[in-house]
Amino acid sequence: MAVRSIGNMREVVVFLQNTPTAAAGGGFTDTYTTLCTTRGQLLDISGSRALSFGAGIDNVNQTLIVRFQTALFNALRSDTKIVISGLTYTFSDSKLIDQKKHLYEFQITAQSN
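Now for a look at the structure at hand. (Residues numbered from 1 in each chain as written. Predicted model: local features only at pLDDT ≥ 70, side-chain atom pairs only at ≥ 80, totals over all residues. Heavy atoms only, no water.)

Focus: the overall build of the chain
Broken down by element type, the chain carries one helix and eight strands. Going from N to C terminus, the chain has its helices and strands arranged as β-β-β-β-β-α-β-β-β. Taking all 113 residues of the chain together, 27% fall into the buried category. At a minimum sequence separation of 6, the contacts of the chain that also span at least 24 residues come to 55%. By element, 51% of the accessible surface of the chain is carried by carbon and sulfur atoms, the whole surface being about 7,100 Å². (Helix = DSSP H or I, 4+ residues; strand = E, 2+ residues; numbered from the N terminus. Buried < 20%, exposed > 50% of the residue type's maximum accessible area, 1.4 Å probe, protein only. Contact = heavy atoms within 4.5 Å. Areas by Shrake-Rupley, 256 points an atom, 1.4 Å probe, with all protein chains shown as cover.)

Below, the structure written as structure tokens:
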């Protein structure tokens, strides 16, 4: 894996938190609000192409490294979305990777529209 340093964190990363709101016909509608905005580093892990309903789909798995923030630690949930350069990602795993430098690592996948 590449050397992790703050100088390599060039991507603007927005974490969105889901706050379900009551819908008029019953049930709930997903409403996303900004949890925090930070900088991060994207590292490619793997990629593939698949065929789904006659259309080609790119599956790209990446690692996102950001500095630890209390807002992430306290409010991070499985329905949290991550937006980088206009693309929305979901994450499957997160962990604190360097306690001395306080770095968080996320395994992210681009969300299909």
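Next, the rest of the story.
Quick word on the packing of aromatic side chains
One pass over the full model with this rule turns up five aromatic pairs. A centroid spacing of 5.7 Å and a plane angle of 55° characterise the contact between Phe-68 and Phe-73, whose relative ring orientation is tilted. Since its relative accessible area comes to 30%, Phe-68 is described here as partly exposed. Aromatic rings pair up to connect Phe-15, Phe-68, Phe-73, Phe-91, Tyr-104 and Phe-106 into one cluster. (Phe/Tyr/Trp six-rings, centres within 6.5 Å; stacked < 30°, edge-to-face > 60°.)

Notes on the nonpolar core
Ranked by size, the top nonpolar core spans 15 residues in total, and within it Phe-15, Leu-64, Val-66, Leu-72, Ile-82, Phe-106 and Ile-108 carry the most contacts. Breaking this core down by element, the ones donating at least two residues are strand 1 (11-18), strand 4 (32-52), strand 5 (55-67), helix 1 (70-75), strand 6 (81-84), strand 7 (87-98) and strand 8 (103-110). For this core, the leading source of residues is strand 8, giving three residues. Non-local contacts of Ile-82, meaning those with residues more than four positions away in its chain, are made with Val-13, Val-14, Phe-15, Leu-64, Leu-87, Thr-88, Tyr-89, Phe-91 and Ile-108. (Core = buried A, V, L, I, M, F, W, Y, C linked by side-chain atoms within 4.5 Å.)

A few points about the environment of Ser-85
Secondary-structure assignment places Ser-85 in the loop between strand 6 and strand 7. In this structure the C-alpha to C-alpha distance between Ser-85 and Val-14, which are 71 residues apart in sequence, comes to 9.4 Å. Excluding residues within four positions of it along the chain, Ser-85 makes contact with Glu-11 and Val-12. Within the structure, the side chain of Ser-85 is placed 3.4 Å from the side chain of Glu-11, a separation counted as a polar contact. (Polar contact = N/O pair within 3.5 Å; in protein donor to acceptor, adjacent residues only side chain to side chain.)

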